[in-house]
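Each chain is listed here by its residues.
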Amino acid sequence: MTIGEAAKASGVSAKMIRYYEATGLIAKASRSDAGYRHYTEMDVHTLRFIGRARDLGFTMEGIAELLALWRHRSRRSADVKRLALGHVAALKHKIDELEAMVATLSHLAAHCHGDDRPHCPILVDLATAPAPRAAGPARLGAVPRRAADRRTRPAGAPGGV
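No experiment lies behind these values; they were computed from the predicted model shown. (Residues numbered from 1 in each chain as written. Predicted model: local features only at pLDDT ≥ 70, side-chain atom pairs only at ≥ 80, totals over all residues. Heavy atoms only, no water.)

1. Looking at the pattern of salt bridges
Spelled out, the test is: Any carboxyl oxygen of Asp or Glu within 4 Å of a side-chain nitrogen of Lys or Arg constitutes a salt bridge here. Think of it this way: any DSSP run of H or I at least four residues long counts as a helix, any run of E at least two long counts as a strand, and we number them from the N terminus. Here the term buried applies to any residue with accessible area under 20% of the maximum for its type, exposed to any over 50%, and partly exposed to those in between, with areas from a 1.4 Å probe on protein chains only.
Enumeration according to the criterion identifies four salt bridges in this entry. E21 is the salt-bridge partner of R37, the closest N and O atoms lying 3.0 Å from each other. Taken as a pair, R37 in strand β2 (residues 37-38) and E21 in helix α2 (residues 14-23) lie far apart in primary sequence, 16 residues in all. Across this residue pair, the class does not change: R37 and E21 are buried. Among the ionic pairs, D79 bridges to R76, the shortest N-O distance being 3.7 Å. Assessed through its relative accessible area of 22%, D79 is described here as partly exposed.

2. Observations regarding the packing of aromatic side chains
Heads up, the condition is: Only Phe, Tyr and Trp rings take part, Trp by its six-membered ring, and two of them pair if their centres are within 6.5 Å. Stacked means planes under 30 degrees apart, edge-to-face means over 60, and tilted covers everything else.
Under the criterion given, the structure shown has two aromatic pairs. Relative to Y20, the ring of Y19 has its centre 6.1 Å away and its plane inclined at 55°; by these criteria the two rings are tilted. Centroid distance F49 to W70: 4.4 Å. Interplanar angle 15°. Geometry classified as stacked. With F49 in helix α3 (residues 41-55) and W70 in helix α4 (residues 60-71), this pair connects stretches of sequence that are 21 residues apart.

3. A look at the nonpolar core
The nonpolar side chains of a soluble globular protein tend to be buried, and buried together. Where we set the bar: Joining through side-chain atoms within 4.5 Å is the link that ties buried Ala, Val, Leu, Ile, Met, Phe, Trp, Tyr and Cys residues into a set, and such a set is a nonpolar core.
Among the nonpolar cores identified, the biggest contains 21 residues, and I17, Y20, L25, L47, I50 and I63 are the most heavily contacted of them. Where this core is concerned, the elements lending two or more residues are α1 (3-10), α2, α3 and α4. Among the elements that line this core, the one with the most residues is α4, at five residues.

4. Re helix α6 (residues 121-128)
Applied cut-off: The arc in question is traced by the directions running from the helix axis to the C-beta atoms. Should any heavy atoms of two residues lie within 4.5 Å, those residues are considered in contact.
Of the residues making up α6, those classed as buried are P121, V124, D125 and T128. One side of α6 holds all its buried residues, which, seen down the axis, span an arc of 100°. The secondary structure elements touched by the buried residues of α6 are α5 (77-110).

5. Points about the packing of α1 against α3
To keep it simple, the criterion reads: The convention used is that axes are lines fitted to C-alpha atoms, helices contributing only their stretch in contact, and that angles between N-to-C directions extend from 0 to 180 degrees. In this scheme, roughly parallel covers angles under 35 degrees and roughly antiparallel covers those over 145, while 65 to 115 is roughly perpendicular and the rest are oblique. It is the rotation of the near helix from the far one that decides the hand of a crossing: anticlockwise by less than a right angle makes it left-handed, clockwise makes it right-handed. Amino acid classes used here: Ala, Val, Leu, Ile, Met, Phe, Trp, Tyr, Cys and Pro are nonpolar; Asp, Glu, Lys and Arg are charged; the rest, including Gly, are polar.
It is at 9 Å that the axes of α1 and α3 come closest, and there the two elements cross at 50°. Looking at the two axes, α1 sits oblique to α3. Crossing of α1 against α3: the hand is right-handed. Side by side, α1 and α3 meet where A6, A9 and S10 of the first sit next to V44, L47 and R48 of the second. When grouped by side-chain class, the residues that make up the contact of α1 with α3 number four nonpolar, one polar and one charged.

6. Some points on the side chain of H87
Among the structural elements, H87 can be located in helix α5. H87 sits in the buried class, given a relative accessible area of 13%. Contacts of H87, omitting those with residues within four sequence positions, involve L56, G57 and F58.

Here is the structure:
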């Protein structure tokens, strides 16, 4: 089948299929004389596996490990379980981080008058926050600090919020 047909059958976009090939997550598809990619039912099955793992939030590295275990017939289920439980722990950590972000923003919003005055504790907090520890995708991995834990803005600091 063509890449479009494989995408439709697997639920994985053609763009992602090309990406998975480019990164080596899946083998390069065979090509027709005209250069079109051709996929087998097993390729589609593998793409469904990858799509489901992505739906569960596994990283590319995690998916590669899962694929290796899936393909290895003498695997130990304990190895698969170890990966799954490690991912559960990472997801719980992410949930804790997101809940802390919600708490911080809720606290800040509760203390913002939301009126015509220029003073806004949300902007004060953003302007006086220390530099982030590490940049990451959408900074979702950053550990938020509660507004009450922040230092007050030093006198004369920029911001005027």
